[in-house]
Amino acid sequence: MITAERKPLEEIIECIRPYDRILLVGCNECVTVCAAGGRKEVGLLASALRMAFMKEGRTLEITELTLERQCDPEYVEELVTMIDAADAVLSMACGCGVQEVARRYKNKPVYPAVNTKFMGASVSQGVWAERCQGCGDCILGLTGGICPVARCSKRLLNGPCGGSTSGKCEISDDVECAWQLIWDRMKELGIQDRYEEVMVAKDWRTSRDGGPRKIVREDLA
Amino acid sequence: MDKFEPVIVAFCCHYCAYTAADMAGSKRIPYPPNVKIVRVPCSGKVDAIHIMKALEKGADGVYVAGCLEGDCHFKKGNLNAAHRVEYVKKLLDETGIGGDRVEMVMMSAGMGEVFAQTATTITEKIRKLGPNPAKFPSNRKAASNE
Ligand code: SF4
Ligand code: SF4
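What you are looking at is a predicted structure, and each value in this text was computed from that prediction instead of being measured. (Residues numbered from 1 in each chain as written. Chains lettered and ligands numbered in written order. Predicted model: local features only at pLDDT ≥ 70, side-chain atom pairs only at ≥ 80, totals over all residues. Heavy atoms only, no water.)

What about the overall build of chain A?
Consideration 1: When helices and strands are counted, chain A shows seven helices and nine strands.
Consideration 2: In terms of overall dimensions, chain A is more spread out than a globule: its C-alpha atoms have a radius of gyration of 22 Å, far above the 17 Å expected for 221 residues.
Consideration 3: Principal axes of the C-alpha set define a box for chain A whose edges measure 65 × 45 × 25 Å.
Consideration 4: Taking all 221 residues of chain A together, the buried fraction comes to 39%.
Consideration 5: Taking contacts inside chain A between residues at least 6 apart in sequence as the whole, the part at least 24 apart equals 59%.
Consideration 6: Of the roughly 12400 Å² of accessible surface on chain A, 50% is carried by carbon and sulfur atoms.
Consideration 7: Considering chain A, the positive charge centre built from 29 side chains and the negative charge centre built from 33 side chains are found 2 Å apart. (Helix = DSSP H or I, 4+ residues; strand = E, 2+ residues; numbered from the N terminus. Rg over C-alpha atoms; globule rule 2.2 N^0.38 Å. Buried < 20%, exposed > 50% of the residue type's maximum accessible area, 1.4 Å probe, protein only. Contact = heavy atoms within 4.5 Å. Areas by Shrake-Rupley, 256 points an atom, 1.4 Å probe, with all protein chains shown as cover. Lys, Arg positive; Asp, Glu negative; His and termini not counted. Charge placed at Lys NZ, Arg CZ, Asp CG, Glu CD.)

As structure tokens, then:
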């Protein structure tokens, strides 16, 4: 999923200070799962903002709505009936959702209420960790299902580096060395011999280095 | 300010604090009428939004009363509640309302005295903190009339 975290309240308040009527829009997908911008977080943020403004002696009118998906035009269209009644939109979706709202409603200012972080997985209740950087040419098949691009601090394709100590990465004791994980997993699968094969330099043009990316499925488009 | 009577909402678990409140009643132990009790099936049923809404609608303080650690009828609802209260405290600090208006307390069903004592301590604490700054004078009146 795409993970996110709510921005500090102070930053959000500064963005919406000039306005009296806010349309606060959540998203029912990734940001709901990572507890950043689903219906619950929309409710909490709305309540916190109302109180923060009341404290200043102001009434902030907030309309709350959580869309099924904020990165799809079909769902963003649902805002059409309420957009005129708002001075600005505050979005709790990831950056993709915020931009979709901005694209559709050209004359309405849109502000992000969350910081979009990474593509990750749930490690345990309330903990998410980075797992993929969308490099566009997946090599998980060569690395035992553990991504060195997203999980090795140096993105080494032929690790580990000399800093790997007792399974931990040299940047911090809290970070597992991806290459130790890869080695352990290869051993588990009985494919250690593959580790000897030197991986050739990756062509990063499939990643962000090739500029903004797009997928076109001609049978669907 | 002299006349300020805080409105306090106490979310009380059916299996402990709510029964403790009953116990306080049958033992004729007085506690401040400022505390308005909301019975919940488990303190873990109390979500962050319930606490926020109570404050938004005019309460000056809120507390969640659950079972003693290890005694939750639903195993760890009280611990979940305690984590949520911590979360709300931080959010309220960020909001400028102040996280100290919200508390988590734990007691057993037999602790009538503790219930009354807690109600008194929290009422006095909120009285010192003064009215919830998110209240307009109009809804301040409405809240205390309820
Ligand atoms: S190799 Fe690339 S696509 Fe595969 S998980 Fe890693 S970053 Fe993602
Ligand atoms: S210690 Fe491991 S994860 Fe860290 S940079 Fe070196 S190889 Fe990568």
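Considering the environment of Val35 of chain B
Residues and elements named next belong to chain B.
Consideration 1: Within the secondary structure layout, Val35 lies in strand β2 (residues 35-40).
Consideration 2: Given the relative accessible area of 8%, Val35 is considered buried.
Consideration 3: Considering only alpha carbons, one finds Val35 and Cys72, 37 residues apart in sequence, at a separation of 23 Å.
Consideration 4: The contacts of Val35, once residues within four sequence positions are left out, are Ile8, Ala10, Tyr63, Ala119 and Thr123.

Some points on the site of ligand 1
Consideration 1: Contacts to ligand 1 come from Cys132, Gln133, Gly134, Cys135, Cys138, Ile139, Leu140, Cys147 and Val149 of chain A.
Consideration 2: Looking at side-chain class alone, the shell around ligand 1 contains seven nonpolar, two polar and no charged residues. (Near = heavy atom within 4 Å. Nonpolar A, V, L, I, M, F, W, Y, C, P; charged D, E, K, R; others polar.)

Description of the packing of helix α1 (residues 9-16) of chain A against helix α3 (residues 39-55) of chain A
Residue and element names in this part refer to chain A.
Consideration 1: Where α1 meets α3, the axes come as close as 11 Å, and the angle between the chain directions of the two elements is 70 degrees. As the angle between them shows, α1 and α3 are arranged roughly perpendicular. In this structure, α1 crosses over α3, and the sense of that crossing is right-handed. Facing Leu9, Ile12, Ile13 and Ile16 of α1, the residues of α3 in contact are Leu45, Ala48, Leu49, Ala52 and Phe53. (Axes fitted to C-alpha atoms, helices over the stretch in contact; angles between N-to-C directions. Parallel < 35°, antiparallel > 145°, perpendicular 65-115°, else oblique. Left-handed = near helix turned anticlockwise from the far one by under 90°.)

Side note on the side chain of Ser43 of chain B
Residues and elements named next belong to chain B.
Consideration 1: Take Ser43: it is sitting in the loop between β2 and α2 (48-56).
Consideration 2: Classification of Ser43 by relative accessible area gives buried; the value is 1%.
Consideration 3: What Ser43 contacts, discounting residues up to four positions off in sequence, is Cys13, Val64, Ala65, Gly66, Gly77, Asn78, Ala81 and Met104.

Quick look at the pairing of strand β2 (residues 21-27) of chain A
All names here are of chain A.
Consideration 1: In terms of burial, β2 is largely enclosed, as six of its seven residues are buried.
Consideration 2: Bridge count for β2 against strand β3 (residues 61-67) is seven bridges, and the pairing is parallel. Paired with Leu23 across the bridge in β3 is Thr63.
Consideration 3: Judged from the four bridges that link them, β2 and strand β4 (residues 88-91) form a sheet pairing that is parallel. Note that in β4 the partner of Val25 across the bridge is Ser91. (Pairing = 2+ DSSP bridges.)

Here's the deal with the domain arrangement of chain A
Consideration 1: Taken domain by domain, chain A holds domain 1 (2-118) and domain 2 (133-206).
Consideration 2: In this structure, domain 1 of chain A and domain 2 of chain A have C-alpha centres spaced 38 Å apart. (Domains from an automatic or database assignment.)

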